[in-house]
Amino acid sequence: MWNKAFFFFTNLNSFSLDKSTDIWSVLLGSFHYDFILISLFWVIHWIVVLVNSAFPNVLIYQRVGYLFLVFLLFLYSIFNFLGAFFYKFNFELPSNRTLEIMWEHRNFLGGFIRLYFWYVIVFILSFIIIVYWIFNMLQIKDKWTYSFTINNHKKLALCFFVTTGILFYSIREFDQAGWLTPNSSFRFVKAKYRSLIVNPLFSFAYSYLKDTETEDLFINLLESDISFDLSKNDEKSSVFGQYKGKNIFLIIIESASEENFNQSSPSKFEMPFFDSLKKHSLYFSNAYANGYLSSDGIRAIYLGLGNLILDNRVKHPYVLDRDFLGNILQKQNYSTSLFYGSTVKAADYWKTVGYSGISEYFNPKAMNIVNPQVLEKDGVYDHAFFMTAAKKMAELREPFISGIANLSTHNPYNRFPNYSAYRNMSVSFLQAPSMLYFDDVLRKFFQTIQNYSWFNNTIFLFVGDHNSRADDLVFRSDWGLLKIPMMIYDPQESITGIRDYTVQQTDIPSTLLSMVGIDDDNLFSNRCMLDSTEKNRTFITRKGEFLLFGNDSLILKFDLIKKGPIGCWNYKIDPHLKNQLAIDSFLLKSFFQQLGYLKKQYRTLY
């Protein structure tokens, strides 16, 4: 119960109960998964009892046996501790790819410890208390003396049969042939609680024992015998070629949620410069990320791929060989570059942009930034790096596609000077001070670059790489955690206003190429965000073994293991997704249309 409570409160914002009575469904479902492990510990405990009773005078057996049992319980607590935080950052339970993910993101360990310092302290204190208890127990010899009578045999046999019976009941699927799986959770609780009741260790062990290759589930779906609609709209964008010869500059905002940029939101941040620029730009109020990590975001923005295939390789064997955004623009005589202030190879920025055809990657080392006053643990402070990048941009050959990504708004949201001052000036949200600091960085950056000759010939696109990880977000449903800010700014103010139709990160390559008049049929989205008359706009993102698919009002959750929809909600009137609806047939048809188009973009593996 302690482990379940810890998992729940660590991820409270993801699992807030729709009603108090839901707790009984959660407890009932949890029992089926937890009892398997309880039974295992129970068996180990009785083995220790048997050994101690058989050798009552051999103290070493007794000590080793109980030390082993306590050690297992402690390891189990460690696993749940890590599993709770793994879910908090990745929105999926531990599986056979968890260790690989943790290793790939090892550079963020320092920031993680700083952000959750008190959790770590409590864990260390718990460890000390348990170790003390173990050694204290070993000093009390009376604890290890057992008399093993006939009655004990009977009690042991009864406990064994009762435990076995309950275990069999817990793991047997009665509505179909088979045994308990992670997806058995849907017979106990709503889809939103699935990850709450499935024991993290059960999920981890099941993926190994059953060899459930979670990263291949999307591929398995496309290669299945499900009928897909393979039609797509081949019409050119209405703005095709209207910005021919223009430079392109991307500003990628780290960990940005749309609710913090929306004037009508209760969690709107103070960002005076961005808000003033928005009045002269085209802002997309219903934009979505195609993943939950920076690596997902950068793949979606530059490659149009998103996170549908859960694999850290940029070049996956299932992806067709093609030219991507940078390659295509290079062939049209564009110079290509990206500025990123990190000193570590985090998020695979350098791999992804290089594979997309971006030839120059300007990090602090490449720009020879060595001043210790502007260096932090993992990179260069935004105010220093952006100004250095602004000066470097004067050397870029036109036309160019370039971009810059910031660091300051990454958790723990205090990676910049004068944090206290910005905290006092901003609203009382965890990430607000860092966004206010970054707003100042943007203001000074634009004050510098607007003096360059290329400024008025450049299209600027602002986009969040993924949602904020701050615990005080208002909208934390499957829908809310995908919404990001997205905006296009033309200094000539040719496009302004607010568009409330659905767009996603993977639309960006097609949009940019359409704007500058370059046609390419191989892009994943093939949709220009500027076509306001286009109907049936959708977004698609993967969350573990589920696909999240939506249009301008509805969101669908699709199970990749069962290969079927499990829920539908109207996020316009129910942003917290508390009221499940019947599966909308039109939305489901649109979902299979999108899968059919995606299938044409991948190579066959099977």
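Remember, it's a predicted structure, so these values are computed and weren't measured experimentally.

Novice: Help me understand the overall build of the protein in this model?
Specialist: The helix and strand inventory of the protein stands at 19 helices and 13 strands. Out of the 606 residues belonging to the protein, those deemed buried represent 56%. Sequence separation of 24 or more characterises 73% of the internal contacts of the protein that already satisfy a separation of 6 or more. Of the roughly 26500 Å² of accessible surface on the protein, 59% is carried by carbon and sulfur atoms.

Novice: Would you explain the packing of helix H15 (residues 382-393) against helix H17 (residues 432-449) in this entry?
Specialist: Relative placement of two packed helices is described by the angle separating their axes and the distance separating the axes. H17 packs onto H15 with a crossing angle of 20 degrees between their chain directions and a minimal axis gap of 9 Å. The pairing of H15 with H17 is recorded here as roughly parallel in orientation. For the crossing formed where H15 meets H17, the hand is right-handed. Seen from H15, the contacting residues are Asp382, His383, Phe386, Met387, Ala390 and Met393; seen from H17, they are Tyr437, Phe438, Val441, Leu442, Lys444, Phe445, Thr448 and Ile449. Of the residues contributing to the contact of H15 with H17, the split by class is ten nonpolar, two polar and two charged.

Novice: Explanation requested: the pattern of salt bridges in the structure shown.
Specialist: Using the criterion set out here, one finds eight salt bridges in the structure. Of the charged contacts in the structure, one is a salt bridge between Asp323 and Lys331, with a shortest N-O distance of 2.3 Å. On the basis of relative accessible area, Asp323 is assigned to the partly exposed category, the value being 28%. We note a salt bridge from Lys543 to Asp478, for which the minimum N-O separation is 2.5 Å. With Lys543 in strand E10 (residues 539-543) and Asp478 in the loop between strand E6 (458-464) and strand E7 (483-489), this pair connects stretches of sequence that are 65 residues apart. Across the pair, Asp478 and Lys543 agree in class, each one buried.

Novice: Would you mind showing me how to read the sheet that holds strand E12 (residues 554-559) here?
Specialist: Pairing between the strands of a sheet comes from backbone hydrogen bonds, and it takes one of two forms, parallel or antiparallel. Pairing is antiparallel across the open sheet formed by four strands, whose spatial order is E10-E11-E12-E13. At either margin of the open sheet sits one strand with a lone partner, and together these are E10 and strand E13 (564-570). Each strand axis lies, on average, 20 degrees off the axis of its neighbour in the sheet, ignoring direction. In this sheet, E13 lies alongside E12 in antiparallel orientation, the contact comprising six bridges. The residue of E13 that forms the bridge with Leu554 is Asn570.

Novice: What is the right way to look at the pairing of E13 in this model?
Specialist: Regular strands show a simple pattern: their side chains alternate between the two faces of the sheet. Of all seven residues in E13, six are buried, a share of seventy percent or more. Taking the residues that link successive antiparallel strands as the turn, the E12-E13 hairpin has four residues, and the phi of Lys563 there is positive, at about 60 degrees.

Novice: How do you make sense of H15 when you look at a structure like this?
Specialist: Each turn of an α-helix holds 3.6 residues, which means side chains three or four residues apart point in the same direction. Along its twelve residues, H15 runs 16 Å from first to last C-alpha, staying within 8% of the 16 Å computed at 1.5 Å per residue. Taken as a whole, H15 has its buried residues at Asp382, Ala384, Phe385, Phe386, Ala389, Ala390 and Met393. Looking at the packing, one finds that the buried side of H15 touches strand E1 (247-253), strand E3 (335-340), strand E4 (360-362), strand E5 (400-405) and H17.

Novice: How do you make sense of the packing of aromatic side chains when you look at a structure like this?
Specialist: Each aromatic ring pair is described using two quantities: the centre-to-centre distance and the angle formed by the ring planes. The full count for this structure, using the stated rule, is 35 aromatic pairs. Arranged with centres 5.9 Å apart and planes meeting at 70 degrees, the rings of Phe249 and Phe460 form a pair that is edge-to-face. Separated by 211 residues along the polypeptide, Phe249 in strand E1 and Phe460 in strand E6 bring together distant segments of the chain. Residue Phe249 shares its accessibility class with Phe460, and that shared class is buried. Clustering of aromatic rings is evident, with ring pairs tying together Phe249, Phe261, Phe273, Phe274, Phe386, Phe438, Phe445, Phe446, Phe455, Phe460, Phe462 and Tyr489. Cation over ring: Lys557 sits above Phe546, and NZ or CZ is 4.7 Å from the ring centre.

Novice: Looking at this structure, how should I read the packing of helix H12 (residues 294-303) against helix H14 (residues 349-356)?
Specialist: Two elements in contact, H12 and H14, have axes separated by 9 Å at closest approach and are oriented at 10 degrees. In terms of their interaxial angle, H12 and H14 are classed as roughly parallel. Considering how the two elements wind past one another, H12 and H14 form a crossing that is right-handed. Mapping the contact onto sequence places Ser294, Ile298, Arg299, Tyr302 and Leu303 in H12 and Tyr349, Thr352, Val353, Tyr355 and Ser356 in H14. For the contact of H12 with H14, the per-class residue count stands at six nonpolar, three polar and one charged.

Novice: Got a minute to help me understand the side chain of Thr538 in this structure?
Specialist: The topology assignment puts Thr538 in the loop between helix H18 (508-515) and E10. Once you skip the residues sitting within four places of it in the chain, Thr538 turns out to touch Thr502, Gln504, Arg527, Phe549, Gly550, Asn551 and Gln594.

Novice: So what exactly am I meant to see when it comes to H14 here?
Specialist: Within H14, burial applies to Tyr349, Thr352, Val353 and Ser356. With its buried residues spanning 90 degrees around the axis, H14 presents them on a single face. Positive phi shows up at Gly357, right after H14, with a value of about 110 degrees.

Novice: Honestly, unusual backbone geometry in this entry has me stumped. Any pointers?
Specialist: As a rule of thumb, non-glycine residues mostly have phi less than zero, and peptide bonds are mostly trans rather than cis. In this chain, Glu398 is followed by Pro399 through a cis amide linkage whose omega measures -10 degrees. Along the chain, Pro399 falls in the loop between H15 and E5. Residues Asn411 and Pro412 are joined by a peptide bond in cis, for which omega reads 15 degrees. Along the polypeptide, Pro412 turns up in the loop between E5 and helix H16 (419-425). With a phi angle near 50 degrees, Ser255 is a residue other than glycine that sits in the positive phi range. Inspection of the secondary structure assignment puts Ser255 in the loop between E1 and helix H11 (272-278). Look at Lys563: it is not a glycine, yet its phi comes out positive at around 60 degrees. Here Lys563 lies in the loop between E12 and E13.

Novice: Is there a simple way to explain the pairing of E10 in this structure?
Specialist: Most of E10 is tucked away: five of the five residues are buried. Of the two faces of E10, the one carrying Phe539, Thr541 and Lys543 and the one carrying Ile540 and Arg542 are both buried. Sheet topology note: the E10/strand E11 (residues 546-550) ladder contains five bridges and is antiparallel. Among the inter-strand pairings, Lys543 is bridged to a residue of E11, identified as Phe546. Two successive antiparallel strands, E10 and E11, enclose a turn made up of two residues, where Gly544 displays a positive phi of approximately 65 degrees.

Novice: In this structure, what is going on with the environment of Ile309? I would like to understand it.
Specialist: Along the chain, Ile309 falls in the loop between H12 and helix H13 (325-331). Each C-alpha atom of the pair Ile309 and Arg542 lies 8.3 Å from the other, and the pair is 233 residues apart in sequence.

Definitions and limits used
- Residues numbered from 1 in each chain as written.
- Predicted model: local features only at pLDDT ≥ 70, side-chain atom pairs only at ≥ 80, totals over all residues.
- Heavy atoms only, no water.
- Helix = DSSP H or I, 4+ residues; strand = E, 2+ residues; numbered from the N terminus.
- Buried < 20%, exposed > 50% of the residue type's maximum accessible area, 1.4 Å probe, protein only.
- Contact = heavy atoms within 4.5 Å.
- Areas by Shrake-Rupley, 256 points an atom, 1.4 Å probe, with all protein chains shown as cover.
- Axes fitted to C-alpha atoms, helices over the stretch in contact; angles between N-to-C directions.
- Parallel < 35°, antiparallel > 145°, perpendicular 65-115°, else oblique.
- Left-handed = near helix turned anticlockwise from the far one by under 90°.
- Nonpolar A, V, L, I, M, F, W, Y, C, P; charged D, E, K, R; others polar.
- Salt bridge = Lys/Arg side-chain N within 4 Å of Asp/Glu carboxyl O.
- Pairing = 2+ DSSP bridges.
- Expected span 1.5 Å × (residues − 1).
- Phe/Tyr/Trp six-rings, centres within 6.5 Å; stacked < 30°, edge-to-face > 60°.
- Lys NZ or Arg CZ within 6 Å of the ring centre and 35° of its normal.
- Arc of directions from axis to C-beta.

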